[in-house]
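# Structural features, examined
The primary structure of each chain is shown beneath.
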Amino acid sequence: MSRQKMTPSEALVETLIAEGVQHVFGIVGSAFMDALDLLPAAGIRFVPVAHEQAAAHAADGMARVTGRPQTCIGQNGPGIANFVSAMTAAYWAHSPVVALTPEAGSMGMGLGGFQELDQMPMFAKSTVYQVRVNQPQRMAELARRAFYMAKNLNGPTQLNIPRDFFYGVCEDDIYPAPMIRRGAGAMEDLEAAATLVLEAKAPVIVAGGGVSQAGAQAEVQALAEYLTAPVVNSSLHNDTFPASHALACGPIGYCGSKAAMRTIQKADVVIALGTRLGPFGTLPQYDMAYWPEDAKLIQCDTNIEVLGLAKKADVYSCGDVKAFSALLAKRLHELAPNRAADEARQADVEREKEIWEAELEGWSTSSQSAPMHPRRFHKEWTRALPANAIVTTDIGNNSSMINAYLKFEGTRQHVSALSWGNCGFAYGAALGCKLGAPEAPVIAFQGDGAYGISGLAEVMTAVREDIPVIAIVACNNEWGAEKKNQIDFYDERYVGANLPDNPDYAKLAEDMGALGMRVDHPDQVGDAVREAIASGRPCVINALVQGGKDVLAEPFRRDALNLPVRYLDKYAHLNTR
Ligand SMILES: Cc1ncc(C[n+]2csc(CCOP(=O)(O)OP(=O)(O)O)c2C)c(N)n1
Ligand SMILES: [Mg+2]
């Protein structure tokens, strides 16, 4: 488009079109009526939600499955404040969400008018870029910049728009922001990595979220096969390496795969691809301090900020993991063309996997009870998923347990709350995933507590907007993950940890116009999942599972809790016995 006369609302909407945006998630508000009015004619679907948090989660989920920036919008003040938690989830997930945040009008700002709050500070630490449109004429330029930064810094951005700046006249040339290629990083770093890897006896690859985002699975696989290097997924990224591959060990981290953790424990060189190696995913698990402190470390990431952040490495490379993996494999072939496959290592990986699978099976099969043993349930529902299923996962004890069961062959299939760890993530994210990948069954998995935070209300959104996501609610009548802390540290004194008298979420779903199913026996689970997928309707599976100390998995933050110490007499009975 050459320069044309248009309004700022038109400039914004035309920029969305140029960026390939087809959906805007939000709740209607006077602050952006003028732009909203254009969306249908622009071919952009406005997707109204029940709470703005879900709008930002949906944009995040959609961005994660499509790899393209996605948007949310809301009313200035309270509507935009409702984005904060979800934007932070997107920030730590490196997800390109562009939040369009109308704010109080420029002439009234600072007077304490209606719905007024400075909207920049609240996103300062959860965006990679934020800008306030300071002149209506700059709408297209600054909107394009918000997309440029979201794409190239791979994270959420904020375009803050005083509400009167939707009106006026501008002259604009509309075009999409460029995507800048990074390449494989510096050649010196690649050479140093090749040298280290060739000396290694037991290299192990950590495939992080960046592998999925960069579409680097094939390159990582070729590298792994050349080296006979086992591959572990970083925590909550079970979709970064095909689970059925002979070298795939599963995820390290909380409730992950013991095979992966025992394998990385033996590494002499770790090749960390697209991961910050944060504490969330490298802390001891199952009483196993598995991180190989003495191993050499090669870390490649496109984001310079995460290099060396959590672990000191021997070689850093700031590059695209896809290009880096391909070029590293090519260089290794040149340096050692006749390297043979390491059969002993392959056999070791197979042995570790067999041991772990047998142990997990032992935890998961014995019970036939109703309500179900949670692990038995997780085995059944994960087994019933088709290969192309996308699963969004929440935070909680059950949401963590499933890390050992969720297996994926492709990328962009595991969409989790990651290190922001907010209960109430899964359902909103699933709405966006489904719109981004309509052909894939999308499952939102969460506990009953998390479901109450935001999933429940958003079933209305799924029905109204005909977005057939399937919620699985692990109903154990407790905030299990936190209850486990009260079990282990507070002598089973439960404060706020129980959820008595839960309603039947299946019936509630039916009332809201969705399909509702209630399962309480393992034999019902597979059929329920298959029926839900076949129905093509929004569906809620209320799964009654056992809770309490006999079944809850170990707490995650054991490292961060102390046993209680009380000095005042009135609290003396609360001392650890
Ligand atoms: C928004 C938010 N509030 C509170 C917490 C603290 N928290 C972490 S896990 C958890 C319990 C989750 O319970 P539920 O969703 O029922 O799953 P369960 O642990 O029972 O499987 C809570 C309250 C959190 N992570 N996020
Ligand atoms: Mg629960």
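The structure this text deals with has already been given above.
Residues numbered from 1 in each chain as written. Chains lettered and ligands numbered in written order. Predicted model: local features only at pLDDT ≥ 70, side-chain atom pairs only at ≥ 80, totals over all residues. Heavy atoms only, no water.

### Description of the coordination of the magnesium ion (ligand 2)
Just so we agree on the cut-off: Metal sites are built from N, O and S donor atoms within 2.8 Å, or 3.2 Å for Na, K and Ca, and they leave out water, so they may look incomplete. Relative accessible area decides the class of each residue, using a 1.4 Å probe on protein chains only: under 20% of the type maximum gives buried, over 50% gives exposed, and in between gives partly exposed.
Around the magnesium ion (ligand 2), the protein supplies Asp448 (OD), Asn476 (OD1) and Glu478 (O) as donor atoms, at distances of 2.1 Å. Taken in sequence order, the residues that donate to the magnesium ion (ligand 2) follow the motif D-x27-N-x1-E. Judged by its relative accessible area of 7%, asparagine 476 falls in the buried class.

### A short note on the nonpolar core
The nonpolar side chains of a soluble globular protein tend to be buried with one another. Definition in use: In plain words, nonpolar cores are sets of buried Ala, Val, Leu, Ile, Met, Phe, Trp, Tyr and Cys residues tied together by side-chain atoms within 4.5 Å. Residues are treated as being in contact if the distance between any of their heavy atoms lies within 4.5 Å.
Within the largest apolar cluster, 48 residues are counted, with the highest numbers of intra-cluster contacts made by Phe83 and Tyr427. In this structure phenylalanine 83 touches Glu52, Ala55, Ala56, Cys72, Ile73, Gly74, Ala99, Leu100, Thr101 and Phe123, once residues within four positions along its chain are discounted. Among the nonpolar cores identified, the runner-up in size contains 36 residues, and Phe46, Phe147, Met149 and Phe166 belong to it.

### A look at the packing of aromatic side chains
Under the convention used in this document: By convention, a stacked pair of Phe, Tyr or Trp rings (six-membered ring in the case of Trp) has centres within 6.5 Å and planes under 30 degrees apart, an edge-to-face pair has planes over 60 apart, and any other such pair is tilted. Secondary structure follows DSSP: runs of H or I at least 4 residues long count as helices, runs of E at least 2 residues long count as strands, and numbering of each begins at the N terminus. As a reminder, the over-ring test applies to NZ of lysine and CZ of arginine, requiring each to be within 6 Å of the ring centre and within 35 degrees of the ring normal.
Inspection of the entire model under this criterion finds seven aromatic pairs. On the numbers, 5.5 Å between centres and 80 degrees between planes, the contact of tryptophan 356 with tryptophan 363 is edge-to-face. The buried category is assigned to tryptophan 356, whose relative accessible area is 2%. Residue tryptophan 363 is classed as partly exposed on the basis of its relative accessible area of 28%. Seen in terms of ring centroids, tryptophan 381 and phenylalanine 445 are 5.0 Å apart; in terms of plane orientation they differ by 10 degrees. Their pairing is stacked. Of this pair, tryptophan 381 sits in helix H15 (residues 374–383) while phenylalanine 445 sits in strand S17 (residues 442–447), and the two are 64 residues apart along the sequence. The exposure classification of tryptophan 381 matches that of phenylalanine 445, with both residues buried. Aromatic ring contacts, followed pair by pair, group Tyr286, Trp356 and Trp363 into a single cluster. One Lys or Arg, arginine 144, reaches over the ring of tyrosine 175 and ends 3.9 Å from the middle of that ring.

### Side note on helix H8 (residues 187–199)
Basically, it comes down to this: Take the number of residues in a helix, subtract one, and multiply by 1.5 Å to get its expected span. The directions from the helix axis to the C-beta atoms are what the arc is built from.
Taking 1.5 Å of rise per residue, the 13 residues of H8 would be expected to cover 18 Å, and the 19 Å separating its terminal C-alpha atoms lies within 8% of that figure. Buried residues of H8: Leu190, Ala193, Ala194, Leu196 and Val197, and no others. The buried residues of H8 occupy one face: seen down the axis, they fall within an arc of 165 degrees. Residues of H8 that are exposed and point more than 90 degrees away from the buried face comprise Glu188 and Glu199. Contacts from the buried residues of H8 go to helix H10 (217–227), strand S12 (269–273), strand S13 (296–301), strand S14 (315–318) and helix H13 (321–335).

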